[in-house]
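# Survey of secondary and tertiary structure
The residues making up each chain are set out below.
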Amino acid sequence: MCGIVGYNGKNSVTDQLLDSLELLEYRGYDSAGLATLNGTTGKVKLRKCAGRVRDLRRICQSDKKISTCGIGHTRWATHGGVSDLNAHPHRNGDVILVHNGIIENYEELKDHFMLHKELKSQTDTEVVAAVLNRLYKGDPHEALRKAVQYLRGTFALVVLFADQPDTIYAIRNVSPIVAAYNDNGTMLASDVAALGATAEKYMVVPEYVITELHKNEIKLFDLEGKPVEPEFITIDWDTTRDGKGNYPFYMEKEIMEQPDALKATMEQRIVDGKIDLSSDGVPDEILKSCERVCVVACGTAMHAGLVAKALVQSKLGMHMAVEYASEFMYEDPVIDEKTLVLAISQSGETIDTLEALKYARAKGAKSIAVINVKGSSIARESDYVMYTVAGPEIAVASTKAYTTQLIALFLLVGRMAKVRGIFDDAAEKEFLGHLVSAPEKMQQVLDQKHDIHKIARGMLDAKDAFMIGRGLDYSILLEGALKLKEISYIHTEAYASGELKHGTIALITENTPVVATVTQSRLKDKELSNIREVQSRGASVILLVKEDFDLADAEYADVFMLPAMADEFMVFPASAALQLLAYYVSMDKGLDVDKPRNLAKVVTVE
Ligand code: AGP
């Protein structure tokens, strides 16, 4: 997703902009650019290109780099292809701007302001620059105030006006902007990660508030021109990243970090052998009184919700809804003050999840966010937050965030069972006994990564693959299929194995790769018979099976024994195996494992 940075201070900004853009690369992008404004000469320098930040740095190499005010951008294409022309910043007359979001009515605005002849790119952003320039008569506030009345959609706009050489302006709706003081002056960015190590506190730019970044002051004004008091949040966590270490890709490093990440996520929440969520500030009352639980999330985070659903229904005897956040608001969900909404998100910036959470809260629901990034938009929007302690997750394919989300959710469900009188001390002790063994069971799988690498080699030429399982195995495989498809580009679908016969088995032909997971005792026999059905049609089956299950006599292409845990905890060893399988297929295919094509780490457009 697009990344935005802005600097205004005493030192040259070009290198600072480039360094901060590199900190935003993890969000996913396809082009980059920056613009600087020389306070003395009023000269604007605009550099941009399709490609990486390193390509932009090369373009800037011969610049004098004397300007001390500038803005930068990494673009993830939404309107208009990947090209130098479509990269940001966009300039129209006195207006130079960068944008994150989607302006839904940009075509109407082209007609309304008769802009067609002067536009050079296919972007909605250039339309905004042209509209703003039309409305600009020397007063930036007046122009911004009028312009945002025309805009429909989401936007984080950061603007330079060529005749206002010492001020950066910003205004947002939904798409995030944070601002901070640093050792050079003032800065803003799309998220805290780009603020760098010198920022000690930051503020979230409120929606529809005009923000001015001066050399040594951040000023806020509402649309009537009244000053707004900024509210700062102390950065009391490590926002720096320690690189890939000895790993070829962040993804492998993050897969290997999971046992420690799980332990770190449990640490504060198991006190004297009991589940204790007081460090999260989650009151027992809402866990006890809610009559319905609903998860809103996307992608991997939603798959974590599916695992939690199995637990809530089996342990609490409560129905639980797990909704795609992007669908949630449009299906007229039944939400009221008795609903507990769980918003799960690694980045805490996924706009679909943020909007779904706002919608649920507006309907009276209480909310708990399960988040990996402190101070993120979803964390700030939620009543309560349970932070996963996975550390920065850089690879687009989520791994340690997923399994630490599971830990947080397991603990939450365990606490709900206790406060509802379903768990007595003995049951809580048994539940935790399984949970605390998850890191070690995952480690056993990670120690066998070379065996999984061998299995992966059998899938490199596949165009299509299936993953089949029942019950919790099906939920586990939905995540396994997402991992494989998003980084290997093999069209992979997970299916409830009982559903195959109702159409999809028509796609199984000779040597079609099928990954089958069998970890649930009560479903084992049915799962094994479904496996035989696909084998009888020529499928090449890779079996991931709990180690203490006796295997049927059928031949398998490969078998990987998963360290045994109680059925409902088997997601931990199984997901480690599926993550490694996807990783090695992608790596052996020579793909960019950490930055797969078309994808972004943070999806900030709906
Ligand atoms: C998972 O590997 C993908 N990167 C993607 O599905 C991701 O889980 C989804 O975009 C949600 O992101 P979030 O957890 O940051 O909200």
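## Topic: the site of the ligand
Neighbouring residues of the ligand: 14 residues in total, closest S345, Q346, T350, V396 and E486. Here T350 contributes a side-chain N or O atom positioned 2.5 Å from an oxygen atom of the ligand. The side chain of K483 places a nitrogen or oxygen atom 3.0 Å from an oxygen atom of the ligand. Bound to the protein, the ligand loses 91% of the 420 Å² it would expose on its own. Elements supplying a minimum of two residues to the shell around the ligand: α9 (299-316) and α17 (472-488). Among the residues forming the shell around the ligand, the class breakdown is five nonpolar, seven polar and two charged.

## Some points on the sheet that holds strand β7 (residues 153-161)
In space, the six strands of this open sheet follow the order β5-β6-β7-β8-β12-β13, with antiparallel pairing throughout. Both edges of this open sheet fall to β5 (90-92) and β13 (218-221), since each of them pairs with a single strand only. Adjacent strand axes in the sheet meet at a mean angle of 25°, parallel and antiparallel pairs treated alike.

## A word on helix α2 (residues 53-60)
Where α2 is concerned, the buried positions are V53, L56 and C60. Along the axis of α2, the buried residues cluster in a sector spanning 55°; they form a single face. Elements that come into contact with the buried residues of α2 comprise α1 (14-23), β2 (31-37), β3 (44-50) and β4 (69-75).

## A closer look at the sheet that holds strand β22 (residues 464-469)
The strand order β23-β22-β24-β25-β26 describes an open sheet built from five strands, whose pairing is parallel. For this open sheet the edge positions go to β23 (491-496) and β26 (558-562), each flanked by a neighbour on one side alone. In this sheet, adjacent strand axes meet at a mean angle of 15° when their direction is disregarded. Two elements, strand β24 (residues 513-518) and strand β25 (residues 540-546), share six bridges in a ladder whose sense is parallel. Each residue of the ladder has a partner; that of V518, found in β25, is V545. Lying on the sheet, helix α18 (residues 524-535) is in contact with β22, β24 and β25; it crosses β24 at an angle near 170°.

Reading guide: rules and limits
Residues numbered from 1 in each chain as written. Predicted model: local features only at pLDDT ≥ 70, side-chain atom pairs only at ≥ 80, totals over all residues. Heavy atoms only, no water. Near = heavy atom within 4 Å. Polar contact = N/O pair within 3.5 Å; in protein donor to acceptor, adjacent residues only side chain to side chain. Areas by Shrake-Rupley, 256 points an atom, 1.4 Å probe, with all protein chains shown as cover. Helix = DSSP H or I, 4+ residues; strand = E, 2+ residues; numbered from the N terminus. Nonpolar A, V, L, I, M, F, W, Y, C, P; charged D, E, K, R; others polar. Pairing = 2+ DSSP bridges. Axes fitted to C-alpha atoms, helices over the stretch in contact; angles between N-to-C directions. Buried < 20%, exposed > 50% of the residue type's maximum accessible area, 1.4 Å probe, protein only. Arc of directions from axis to C-beta. Contact = heavy atoms within 4.5 Å.

Shape is all these values report; function is a separate question.
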